[in-house]
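One letter stands for each residue in the lines below.
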Amino acid sequence: MRDRLLEWFDAHGRSLPGRDVREPWRVLVLEVMSQQTQIDRCLRARDEFCERFPIPAALAAATPADALRAWAGLGYNRRALALRRAAQVAVERHGGTVPATIDALGDLPGVGPYTARAVAARAFGARVVPVDVNVRRVLARILGTSSVRSIQAYADALAQAPEDGASSGVFPGTPEAGNRTGGAIGARVADALMDLAASVCRPRHPRCAECPLRIACVSAFAETAQPQHVPAVPAERPFPETRRWLRGQILRELRDAPAGAWVPVEGERGSHGHVSVREAVSALAAEGFVEIDAEGRARLSET
Ligand code: SF4
């Protein structure tokens, strides 16, 4: 199955810039960014962020305000502060380097099991496969189960077999394409499954006739390949009505102000009244995003 998958990947995989990056800090930054932001937006942002903070020690020494400014446009700003704390842990416990094991990676703030596996596989060549929601859909259909444990075990098994046969060990579109010298096999399997999920094993109408894995897929051409493993999408409130929008709006205003300047944060924002705005500012202060002075003005946290 692995060789079938990688053969398909060599022929049909997307040549996304950045997939072949192996430097651990750059890998970690991209994985954290792409947790909740589209990958094409993250690639450029990662380059700019790593230019500003080329090693963990640079981010560890930065203020929260610096980290939040460098995070502009990516949303979910908690990740910026968590990544800064992760950089501090890297400095304090790992000599300023990104740790190599899944356990140590998982101990970094803001790094969950998926991100730990992704960094271990992509930067350190660990034979594990990070399973996101799309990869999970493909494997759930192949196995006919929604068991997270079974799916993860199967995914990791795909990275275990020796790299011979059809596996080239490189990424499509790279100068080394065709070279069979081996590589980050867990990351390659994950990328192949992600591309398969995007173009063949799609959420609503899987194209089983084109699928390289159909010979061992219990859902191939079956009703079960249709909607049952597709995660339900909960009904959402319009974004401007959410607390997340309000928090992002306040941070944008403070980010746009001159560095260190205190900014009055009063009045309404969209459909949010002044009480909600004050509460949001207080919550942001309690979480370390902003500081508030005696007059109730705010600024991005400088400490
Ligand atoms: S055979 Fe169909 S359902 Fe099974 S993995 Fe391929 S596209 Fe998905």
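Small disclaimer: the values here were computed from a predicted structure and weren't measured. In this numbering scheme, every chain counts its residues from 1 along its sequence in written order. At least 70 in pLDDT is required for a residue's local features to be given in this predicted model, at least 80 for side-chain atom pairs to be given and counted, and no such filter applies to totals for whole chains, interfaces and linings, which use all residues. In computing side-chain values, all of the structure's heavy atoms are included and hydrogens and water are not.

### Observations regarding the site of the ligand
Throughout, near means a residue has at least one heavy atom within 4 Å of the molecule or strand. Neighbouring the ligand are eleven residues, the closest being Cys201, Cys208, Cys211, Cys217 and Ala220. Residues are grouped as follows: nonpolar covers Ala, Val, Leu, Ile, Met, Phe, Trp, Tyr, Cys and Pro; charged covers Asp, Glu, Lys and Arg; every other residue, Gly included, is treated as polar. Residues that form the shell around the ligand fall into these classes: nine nonpolar, no polar and two charged.

### With respect to the nonpolar core
Core analysis: the largest hydrophobic core is formed by 52 residues, its most contacted members being Trp25, Leu28, Leu59, Leu83 and Ile250. Think of it this way: any DSSP run of H or I at least four residues long counts as a helix, any run of E at least two long counts as a strand, and we number them from the N terminus. Sort the elements by how many residues they give to this core and helix H2 (residues 24-33) lands first, with seven residues. An automatic or database domain assignment supplies the residue ranges for each domain. Each of domain 1 (16-124) and domain 3 (239-300) contributes no fewer than three residues to this core. Note on definitions: a residue-residue contact is assigned when non-hydrogen atoms from the two residues lie within 4.5 Å. Dropping the residues within four chain positions of it, Leu59 is found in contact with Trp25, Phe49, Phe53, Ala67, Leu83, Arg84 and Ala87. Joining through side-chain atoms within 4.5 Å is the link that ties buried Ala, Val, Leu, Ile, Met, Phe, Trp, Tyr and Cys residues into a set, and such a set is a nonpolar core. Three exposure classes are used, based on accessible area relative to the maximum for each residue type with a 1.4 Å probe and protein chains only: buried under 20%, partly exposed in between, and exposed over 50%. Counting residues in hydrophobic clusters, the runner-up holds 29 residues, among them Trp8, Phe9, Leu158 and Cys201.

### Considerations on the environment of Leu43
When you line up the elements, Leu43 lands in helix H3 (residues 39-52). By relative accessible area, Leu43 is classed as buried at 14%. When the C-alpha atoms of Leu43 and Gly18 are compared, they prove to be 6.8 Å apart, with 25 residues separating the residues in sequence. In contact with Leu43, other than residues within four places in its own chain, are Pro17, Gly18 and Leu30.

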